[in-house]
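Read off the chains here:
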Amino acid sequence: NTLAAQCKSKPQKKVCKTVLKHFDAQYSEELGEQWYSARDVLLNPLSWQYGVLLNRFSDLTNVKQWLAELGYTNLLPQTHPKSQTAHIPLQCFIHQDPVRIPTQSHHPSWLKQYFLLNAASLLPVLSLNLKEGENVLDLCAAPGGKSLAILQTVTPGLLQCNEVDRHRHDWLLKTLVSYVPPAQRHLLSVTHLDGRSIGSVQPGAYDKVLVDAPCSNDWSWLYTPDTNQGEMWLKERTQLPLLQKELLWSALAAVRPGGVVVYSTCTMSRAENQSVVEAVLASYQGVEPLELEQYLIDSLSDHFCFAHFHPSVGQLVIPQRDKTWGPMYVSRLRRIY
Ligand code: SAM
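Bear in mind that the values here come from a model prediction, so they are computed numbers and not experimental data.

Draft legend 1. Region of the structure containing unusual backbone geometry. Backbone torsion omega between Ala142 and Pro143 reads 5°, so that peptide bond is classified as cis. For Pro143, the location among the structural elements is in the loop between β7 (135-138) and α6 (145-153). The backbone of Asn129 shows a phi angle near 50°, a positive value even though the residue is not glycine. The topology assignment puts Asn129 in the loop between α5 (122-127) and β7. The class for Asn129 is partly exposed, based on a relative accessible area of 24%.

Draft legend 2. Here's a closer look at the site of the ligand. Around the ligand, the surrounding shell holds 21 residues, and the nearest of these are Glu163, Arg168, Asp194, Gly195 and Asp212. A distance of 2.9 Å separates an oxygen atom of the ligand from a polar atom in the backbone of Gly145. Within the backbone of Gly195, an N or O atom sits 2.8 Å from a nitrogen atom of the ligand. Relative to its unbound accessible surface of 600 Å², the ligand loses 86% to contact with the protein.

Draft legend 3. Structural detail: the packing of aromatic side chains. Applying the stated criterion to the full structure yields nine aromatic pairs. Ring geometry for Phe23 and Tyr27: centres 5.1 Å apart, planes at 45°, overall tilted. Linking Phe23 with Tyr27, this pair stays in helix α2 (residues 17-31), spanning four residues, or about one helical turn. Neither Phe23 nor Tyr27 differs from the other in exposure class; each is buried. Ring centres of Trp66 and Tyr114 lie 6.3 Å apart, and the angle between their planes is 40°; on these two criteria the pair is classed as tilted. Of this pair, Trp66 sits in helix α4 (residues 61-70) while Tyr114 is found in strand β6 (residues 114-117), placing the two residues 48 residues apart along the sequence.

What counts as what
Residues numbered from 1 in each chain as written. Predicted model: local features only at pLDDT ≥ 70, side-chain atom pairs only at ≥ 80, totals over all residues. Heavy atoms only, no water. Helix = DSSP H or I, 4+ residues; strand = E, 2+ residues; numbered from the N terminus. Buried < 20%, exposed > 50% of the residue type's maximum accessible area, 1.4 Å probe, protein only. Near = heavy atom within 4 Å. Polar contact = N/O pair within 3.5 Å; in protein donor to acceptor, adjacent residues only side chain to side chain. Areas by Shrake-Rupley, 256 points an atom, 1.4 Å probe, with all protein chains shown as cover. Phe/Tyr/Trp six-rings, centres within 6.5 Å; stacked < 30°, edge-to-face > 60°.

Here it is as structure tokens:
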């Protein structure tokens, strides 16, 4: 198979020993046996997979046929498990083997048909439990994968996609233009603000807010090119929880009473996951944690491994040898008043 051959011919990524040593110490303590299986996946780039998120705004006939011929299947059921008449528009195709398909290039007169992503990144979007017409804020949006997934799920009243970094904000704009037709773009507002200030500028303005927080991405950090860089990142890691808490406080201020905030990261680190959410719950009045809906966990458990923590606020999808999606931590919070 030519695609598998192309992947194999790519230069091997080099593991940073400093970061691996740090992960071994931290994650064996936090995750126990599950760390060793996750470690195997992280250390074997040939086992990494991409989900294929289809763009409902483009013509999909040939893509669906092509994916079916390659052996891809839909990650999600076609109808809502709670109501057999409700159709789930979000379509993400996955393969049981690490097959790769090429990314599509940008063309001004054409919409891209699919977006490649870690299938576990759909979990935060599904956890928002979006309804048609809701006003949604994607606080940390670049490069735009989750904003796109939101638009595949419902037609929002307004979707504000925000990104603080100038270069990544431009990247976000480019993503949206490549996938969203001109007739739908009035639903979008793309801003370039520090997410920590949005809660005080637009208090109570949104029905749902997604905080897909900047975090110590376990995949890329493990492949830091040199030791100095690895040590620098490990230092930076200690500063992330404060930024994450500030973003989550801002999100809670930006959501209306009764509205829902989803906090997510792509790290397994407890300090950036449960500890952040617990600290915010302890310091912010009128907020309660919500369980992830059981039907979601049930319908995704064939593909995702949910780590076992008791008691816990949130769920962690942890890559394992037979279920390589993740890492992805998701916690849902409701503002009561
Ligand atoms: N949600 C994105 C997606 O699915 O494609 C990925 C988001 S990435 C995990 C986190 C983003 O937060 C980065 O692009 C980073 O530049 C941005 N960020 C960092 N600090 C921020 C801040 N203070 N306000 C808003 N965005 C911030």
